[in-house]
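Fold and geometry: a report
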Amino acid sequence: MDPRIREHASIIARHSTDIEAGDQVVISAPAVAEDLAVALHEACGELGATPSFVANSDRADRAFMRAADPEAFDTPEPMKALFKAADVLVRVRAGTNATETSDVAPATSAARSRVNKPVQEVALSKRWCLTQFPTPAQAQLARMSTEAYENFVWDAVNKDWDAQRAHQEQMVEILDGASEVRVVSGETTDVRMSVDGMITQNDYAEHNLPGGEVFTAPVVDSVEGEVVFDKPVYQQGREVTGARLVFDDGVVVDHAAESNEDVLTGILDTDDGARRLGELGIGMNRDINRFTYNMLFDEKMGDTVHMAVGNAYEDTVGPNRERNESAQHVDMIVDMSENSFIEVDGERVQEDGRFVFE
């Protein structure tokens, strides 16, 4: 086994989820990521925890969604019960075909998201971690060799997270207590939102591995302006390019895309909350220096801002503030490397991808 896999597993167990003796740990991974699942089982044994293993499969998900009537979709109660009984949940992303679900109708995927929302809510109440195991399929999607992609993934994952936390804390201190954030990029993006009373989180690889961002939630009805996401959005095995959203009183009132607009429409039509922003995130992981069509990595790039339509994380919503709720949470990226800036309460804190404290 590549020694970097055991290091990856150790970071998940000892840093991201802080597994302890007596913990019940659910590990979900596809067959192609068996080595990481094995290493995680070893870590559980070393730490005195009990693992349960669940295989996940994009092929199986596709088969079900294409065969079933979406009107008959129901919440998978056994999975919900399993998650309720767990102390720690680890989900490993990996696959043999990055476009496996590309022929599932967007409305069907949205319907599945709605019935899975109760399971998602239970999962988010636990100590959880989402991570990536490198595979040839993801390497191909990133237009990289398999070896180069493996190096890219483990360079981004196996790092000094305490140092990354300290670097990002400088941005947390700027956002905490702020009232308004403005994001401008070129001639196409100028959007403002209130973050008054909201909470800024420092993602240093607890829930997402790799980590490398700071994020918060906007006040629900405060988002105003227009944003063009100049990095592609890869959803349901299909590439949405040139996604454009126009906000008025916090709601998406107009949208378009250069390709696969129907996928974007399906996301926004999932429920009322899918037409509002649930997250504003600022990428700060300088070891992620290229776009790879994998949002777990791409949203952490140091020259980017991302915004997610849909659900807001509870730990970003302040007391006496409304939380946007949705079955969706879809991140989309704005390139901030050129002719761009971020303002917080009228002061520029980043210009052309460089922070004032760098």
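Anything mentioned here points back to the structure above.
Residues numbered from 1 in each chain as written. Predicted model: local features only at pLDDT ≥ 70, side-chain atom pairs only at ≥ 80, totals over all residues. Heavy atoms only, no water.

1. Looking at the packing of aromatic side chains
Our working definition: When the centres of two rings from Phe, Tyr and Trp lie within 6.5 Å, Trp using its six-membered ring, the rings pair. Their planes under 30 degrees apart give stacked, over 60 give edge-to-face, and anything left gives tilted. Only DSSP runs of H or I covering at least 4 residues are called helices, and only runs of E covering at least 2 are called strands; the numbering of each starts at the N terminus. Residue burial is assigned from relative accessible area. The probe radius is 1.4 Å, only protein chains are included, and a residue is buried under 20% of its type maximum, exposed over 50%, and partly exposed in between. Two limits define a charge over a ring: the Lys NZ or Arg CZ must be within 6 Å of the ring centre, and within 35 degrees of the ring normal.
Within this structure, the stated rule accounts for 8 aromatic pairs. Seen from their ring centres, Phe-152 and Phe-297 are 5.5 Å apart, and the 35° between their planes marks the pair as tilted. Placement of Phe-152 in helix α7 (residues 146-157) and of Phe-297 in helix α10 (residues 295-298) is noted, with a sequence separation of 145 residues between them. The exposure classification of Phe-152 matches that of Phe-297, with both residues buried. Cluster of aromatic residues (ring-pair linked, three or more members): Tyr-149, Phe-152 and Phe-297. We note Lys-159 situated over the ring of Trp-161; from NZ or CZ to the ring centre the distance is 5.4 Å. The ring of Phe-341 carries Arg-348 above its face, with NZ or CZ at 3.7 Å from the centroid.

2. A look at the packing of helix α3 (residues 58-67) against helix α5 (residues 106-124)
Going by this rule: Comment: axis = line fitted to C-alpha atoms, over the contacting stretch for helices; angle = value between 0 and 180 degrees taken between N-to-C directions. The scheme is simple: roughly parallel for angles under 35 degrees, roughly antiparallel for over 145, roughly perpendicular for 65 to 115, oblique for anything else. The contact criterion used is simple: two residues touch if any of their non-hydrogen atoms lie within 4.5 Å. When residue character is reported, Ala, Val, Leu, Ile, Met, Phe, Trp, Tyr, Cys and Pro are called nonpolar, Asp, Glu, Lys and Arg charged, and the others, Gly included, polar.
Running from N to C, α3 and α5 point in directions that differ by 105°, and their axes come no closer than 10 Å. Taken together, the axis directions place α3 and α5 in an arrangement best described as roughly perpendicular. Along the contact surface, α3 presents Asp-61, Phe-64 and Met-65, while α5 presents Thr-108, Ser-109 and Arg-112. Residue classes in the contact of α3 with α5 are distributed as 2 nonpolar, 2 polar and 2 charged.

Purely geometric numbers; function is a separate question.
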